[in-house]
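Chain residues, written in single-letter form:
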Amino acid sequence: KQEVTQIPAALSVPEGENLVLNCSFTDSAIYNLQWFRQDPGKGLTSLLLIQSSQREQTSGRLNASLDKSSGRSTLYIAASQPGDSATYLCAVPNTGGFKTIFGAGTRLFVKA
Amino acid sequence: DAGVTQSPTHLIKTRGQHVTLRCSPISGHKSVSWYQQVLGQGPQFIFQYYEKEERGRGNFPDRFSARQFPNYSSELNVNALLLGDSALYLCASSLGIQETQPQHFGDGTRLSIL
């Protein structure tokens, strides 16, 4: 049974810091891994999708890496800004691909 | 292009009532999935529909049901509401099944049970 864990659960950093969010999964036979952002009371915004054949994806100040063999992914945020404050979720499809399994998320607060 | 749209945005019901939530996927997307998210947790999978057929079901009681229409929009129905059904209900659409396609989420329906 696939389980997804995110560490830390919450993080508070000063503006301008580079930071890393961690995601681990128990079953390495994944098709892809997706990182999402969720603002309070809102839906999920897709940030990056990494296919199983890829090692990393970049979008602006965001870089996500994937190491299937160790069951880990990291989301790197460069030069953090107050507008980056949100909950960040990682998710993987289960074997068979009909559902997506989410971690509980990391709540990020960037102080001005 | 419009994203995934859900209605209503907020809903208040009492225990024992039933509720219908609606979702319109992104144009051209044939897969719709439903998730329940309680405060402080990640979304939990409820259903996936692809080409109007149920392709997957999560660990939810039979009080939860869904369907997908010919235009690929979808409804989630919950009967005999319980206090524990209070949550944010999210709908996601994708071009196909989830092995390779990214999912796009709506803003959700906030359901409160009194």
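Our subject is the structure listed above.
Attention in this report is confined to the structure presented alongside it. Here the structure is a predicted model, which means the values were calculated and not measured.

### A word on the overall build of chain B
On a plain count of helices and strands, chain B comes out with zero helices and eleven strands. Helices and strands appear in chain B in the N-to-C order β-β-β-β-β-β-β-β-β-β-β. Relative to a compact globule of 114 residues, whose C-alpha radius of gyration would be 13 Å, chain B shows 13 Å and is just as compact. Taken over the C-alpha atoms alone, chain B extends approximately 40 × 25 × 25 Å along its principal axes. Long-range pairs, those at least 24 residues apart, make up 53% of the contacts in chain B with a sequence separation of at least 6. Per element, the accessible surface of chain B, about 5,400 Å² overall, is 49% carbon and sulfur. Side chains of chain B give 10 positive and 9 negative charges; the mean places of these two sets differ by 7 Å.

### A short note on the environment of F64(B)
All names here are of chain B. Here F64 is to be found in strand β7 (residues 64-68). Considered as a pair, F64 and A80 are 16 residues apart in the sequence and their alpha carbons are 9.4 Å apart. When sequence neighbours within four positions are dropped, the list of residues in contact with F64 reads Q36, I46, F47, R57, N77, V78, D85 and Y89.

### As for the interface of chain B and chain A
Listed as interface residues are 23 residues of chain B and, on the opposing side, 22 residues of chain A. Both faces combined, the contact of chain B with chain A buries some 1,700 Å², and carbon together with sulfur accounts for 51% of it. Run the count over chain B and chain A and you get zero salt bridges. Counting across the interface, chain B meets chain A through four residue pairs in polar contact (both at pLDDT 80 or more). Of all the elements in the fold, those that place two or more residues in the side of chain B that touches chain A are β4 (31-37), β5 (44-50), β6 (53-57) and β9 (87-94) of chain B. Counting residues per element, the side of chain B that touches chain A draws most heavily on β6(B), which supplies three residues.

### Here we look at the packing of aromatic side chains
Applying the stated criterion across every chain, the model contains eight aromatic pairs over all chains. Relative to F105(B), the ring of F36(A) lies with its centre 5.3 Å away and its plane at 90°, an arrangement referred to as edge-to-face. Pair noted here: F36(A) is in strand β4 (residues 32-38) and F105(B) is in strand β10 (residues 104-105), and the two residues belong to different chains. Taking the relative accessible area as the measure of exposure, F105(B) reaches 10% and is therefore buried. Arranged with centres 6.0 Å apart and planes meeting at 75°, the rings of F102(A) and F105(B) form a pair that is edge-to-face. Taken as a pair, F102(A) in strand β10 (residues 100-102) and F105(B) in strand β10 lie in two separate chains rather than in one. Per residue, the accessibility class of F102(A) equals that of F105(B), and both read buried. Three or more aromatic residues link up through ring pairs in this structure, and these residues are F36(A), F102(A), Y35(B), F45(B) and F105(B).

### A closer look at the pattern of salt bridges
Residue and element names in this part refer to chain B. Counted under the stated rule, the structure contains seven salt bridges over all chains. The partner of K30 in a salt bridge is E51, and the shortest N-O contact between them spans 3.4 Å. With K30 in the loop between β3 (19-24) and β4 and E51 in the loop between β5 and β6, the pair connects residues that are 21 residues apart, well separated along the chain. Notably, a salt bridge pairs E54 with R57, separated by 3.3 Å at the nearest N-O pair. A relative accessible area of 36% places E54 in the partly exposed class.

The rules behind these values
Residues numbered from 1 in each chain as written. Chains lettered and ligands numbered in written order. Predicted model: local features only at pLDDT ≥ 70, side-chain atom pairs only at ≥ 80, totals over all residues. Heavy atoms only, no water. Helix = DSSP H or I, 4+ residues; strand = E, 2+ residues; numbered from the N terminus. Rg over C-alpha atoms; globule rule 2.2 N^0.38 Å. Contact = heavy atoms within 4.5 Å. Areas by Shrake-Rupley, 256 points an atom, 1.4 Å probe, with all protein chains shown as cover. Lys, Arg positive; Asp, Glu negative; His and termini not counted. Charge placed at Lys NZ, Arg CZ, Asp CG, Glu CD. Buried area = accessible area lost by both parts, 1.4 Å probe. Salt bridge = Lys/Arg side-chain N within 4 Å of Asp/Glu carboxyl O. Polar contact = N/O pair within 3.5 Å; in protein donor to acceptor, adjacent residues only side chain to side chain. Phe/Tyr/Trp six-rings, centres within 6.5 Å; stacked < 30°, edge-to-face > 60°. Buried < 20%, exposed > 50% of the residue type's maximum accessible area, 1.4 Å probe, protein only.

These results come straight from atomic positions and should not be treated as a statement about function.
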